[in-house]
Amino acid sequence: MAITKILIANRGEIACRVIRTARKMGIKTVAVYSDADSRAPHVLMADEAVHIGPSPAAQSYLIAEKIIQACKDTGADAVHPGYGFLSERESFRKALDAEGIIFVGPPANAIAAMGDKIESKKLAMEAGVNVVPGYVGVIEDTEHAVKISNEIGYPVMMKASAGGGGKGMRLAYSEQDVREGFEATKREGLNSFGDDRVFIEKFIESPRHIEIQVLGDQHGNIVYLNERECSIQRRHQKVVEEAPSPFVSPEMRKKMGEQCVALARAVGYFSAGTVELIVSGEDKTGDGFYFLEMNTRLQVEHPVTEEITGVDLVEQMIRVANGEELSFRQEDVKINGWSIENRVYAEDPYRGFLPSTGRLIRYNPPETGNGVRVDDGVVEGGEVSMFYDPMIAKLITWAPTRLEAIDKQITALDQFEIEGPGHNIDFVSALMQHERFRSGNITTGFIAEEYPEGFTGAPASETLLKRLAAIGAFAAMAQADRARRIDGQLGKKLRAPTGWQVKIGDVVHDVSIDGDDVTVDGEAIDMALEYTPGDRLIDAEFGEEDLAVKIAPVRAGFILTTHGASHKLRILPAHAAPHAKHMIEKIPPDLSRFLICPMPGLLVALNVKEGDKVEAGQPLAVIEAMKMENILRAQKAGVVKSVSAAQGESLPVDAIILELE
């Protein structure tokens, strides 16, 4: 019996993604939603929608009974779980099987075998897949953990057995790290996954995170659709993904692919799945790859594989669930060009990447087509909620070569408008411009190594700054010209000045604009652009080069954002500029003596009380937000003068937790 109606047991971007393919295949769709998502795009996009409970996922999207009831109420004969939520829960698959509802995904036994990291490692070893040295078994307590870690040799990684999504993991370089982190890892496992088992394995040096996409049908055919490289991660969360990998040779691809297919075959796998491998960047033999885990679901980064292979993975999952045979074989899988995906997150890279929530006052993604694809599940005016993952959208580019695909990302990111919550567009643009990323010599430590002090914006070349000075002066002139036309604004109708002084950072540029002739610091610049006061995006042309710049007016100038950084321009008419030195500058207050809540969240631990002495870097409090625990540390040494928040309190952003003296 063919699938006629699919219920998507998910939300956001992935729900919209599945609905698009189902619609293309002529299959009806049902969305489910919590209170927080009542007006979300996936709800409007589907043919029908069912409300399944309050905003927290544990009371809505994670309750299998509610999903099954929704299937019965709407007559949906299949469920696509997306990723996250119930996608890798064996009990969910079994419950659907019992009701005769088709699960668009692998069989229950495969989910169970691969969902347990300890079990999956044993299976991988039996199937002939390389595995990382580690301790396979349950660890009793901290002392036992220390003993094992000493035997494996540092560095080691402690992981919650049921973990995923970068949660429940701690890296230990020494015995002390194990003693400090073991209990925390257990707690995170228990809180996030209801399972406090932890295992320990060796940590690979110069590691690259490379994964193989597999796809199987219910007739025993299994293929691998090449690899994706996901080494650019921050705190084990992937940020940039690409396919193919700049590191993998054809021989290595074949070895990896065949081992991963053998593993899939060993558990009777069908549908789409991904085998994650950790690959030693130091090992040039092509054998330095090790099994990490298998994700028995569609991955967030599946679009880059679709772009280079031309295979619609969601469509294939639905066909397989329908009992169809794969229509192609391994030798039909090719690599066409290069694809890169950047995850656009609601997090503020300028404030230590803290999660950011709130209304999308403006959401205007770049135009798609011509190798640019945007997978999103938000709309302007919608809310980035504190209850779910902070991903806003995925920006995917395709081009014949890697560098062209990277450059396409930079251009598209410059045109991506988001206002409201903090976002990481500047940061991912900076990554795309980074010479080390462009060289392909990347490891999972890339972000920590290249941005040890955090992110302050991408460096701008001298040429770019001169171009921004010219754009700023042009915009100031347009504003002055408009003011001139409004009666009484400038007394007698003065002409807009043509000479301007533009200050960016500490550097002052002299700009003159006379008709089409533009000079910056005495040098002529070939610039063409249109700007009307009120525009938010300027598309400028400098000779052959296009530059998209976001512009926002501020006092005495503009903030121009492009190429991964925001630049504040102070712009004055040349005749007024010499008087600027008489202006008094306002110095911002010193807030370093306050411990300020960096995001809305729950104060789960307060480690100090009034009168305690603290050292710089000492953990003072723990805030839980977005399912993650964030440790707040002392910025400087001092004594706690007063405490103004209590454990268990829900705090807004910027609330003062305590003051030091």
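Before any of the text, the structure's been laid out above.
Overview of the structure.

Rules behind the numbers
Residues numbered from 1 in each chain as written. Predicted model: local features only at pLDDT ≥ 70, side-chain atom pairs only at ≥ 80, totals over all residues. Heavy atoms only, no water. Axes fitted to C-alpha atoms, helices over the stretch in contact; angles between N-to-C directions. Helix = DSSP H or I, 4+ residues; strand = E, 2+ residues; numbered from the N terminus. Parallel < 35°, antiparallel > 145°, perpendicular 65-115°, else oblique. Contact = heavy atoms within 4.5 Å. Buried < 20%, exposed > 50% of the residue type's maximum accessible area, 1.4 Å probe, protein only. Pairing = 2+ DSSP bridges. Polar contact = N/O pair within 3.5 Å; in protein donor to acceptor, adjacent residues only side chain to side chain. Salt bridge = Lys/Arg side-chain N within 4 Å of Asp/Glu carboxyl O.

Let us now look at the packing of helix 4 (residues 90-99) against helix 5 (residues 108-115). Closest axis-to-axis distance for the helix 4/helix 5 pair is 8 Å, and the angle between their directions is 170°. Here helix 4 is positioned roughly antiparallel relative to helix 5, judged by the angle of their axes. Facing helix 4, whose interface residues are E90, R93 and K94, helix 5 presents A108, I111 and A112.

Looking now at the pairing of strand 15 (residues 338-345). Among the eight residues of strand 15, eight are classified as buried, and the element is accordingly described as predominantly covered. Neither face of strand 15 is left uncovered, since the one carrying W338, I340, N342 and V344 and the one carrying S339, E341, R343 and Y345 both have all their residues buried. Bridge count for strand 12 (residues 237-243) against strand 15 is four bridges, and the pairing is antiparallel. By the bridge assignment, E241 is partnered in strand 15 with E341. Sheet analysis places strand 15 next to strand 22 (residues 391-399), joined by eight bridges and oriented antiparallel. When the bridges of strand 22 are listed, I340 appears paired with T397.

The next point concerns the environment of R536. With respect to the helices, strands and loops of the structure, R536 is situated in the loop between strand 28 (527-528) and strand 29 (537-542). C-alpha separation for the pair R536 and L560, spaced 24 residues apart in sequence, amounts to 9.7 Å. Apart from residues lying up to four places away in sequence, R536 is in contact with R362, N364, E417, E419, V549, K550 and I551. Polar side-chain contacts of R536 include one of 2.9 Å to the side chain of E417.

Our focus in this paragraph is the pattern of salt bridges. By the definition in use, this model includes 51 salt bridges. Between E13 and K394 there is a salt bridge whose closest N-O contact spans 2.8 Å. Of this pair, E13 sits in helix 1 (residues 12-24) while K394 is found in strand 22, placing the two residues 381 residues apart along the sequence. Look at E13 and you get buried, because its relative accessible area is 7%. One salt bridge in this structure joins D287 and K255, with 2.7 Å as the shortest N-O distance. Of this pair, D287 sits in the loop between strand 13 (271-280) and strand 14 (289-295) while K255 sits in helix 9 (residues 250-266), placing them 32 residues apart in sequence. Taking the relative accessible area as the measure of exposure, K255 reaches 35% and is therefore partly exposed. A cluster of three or more residues bridged by salt bridges with shared partners is formed by R17, R20, K24, E306, E307, D312, E315, R319, E324, R373 and D375.

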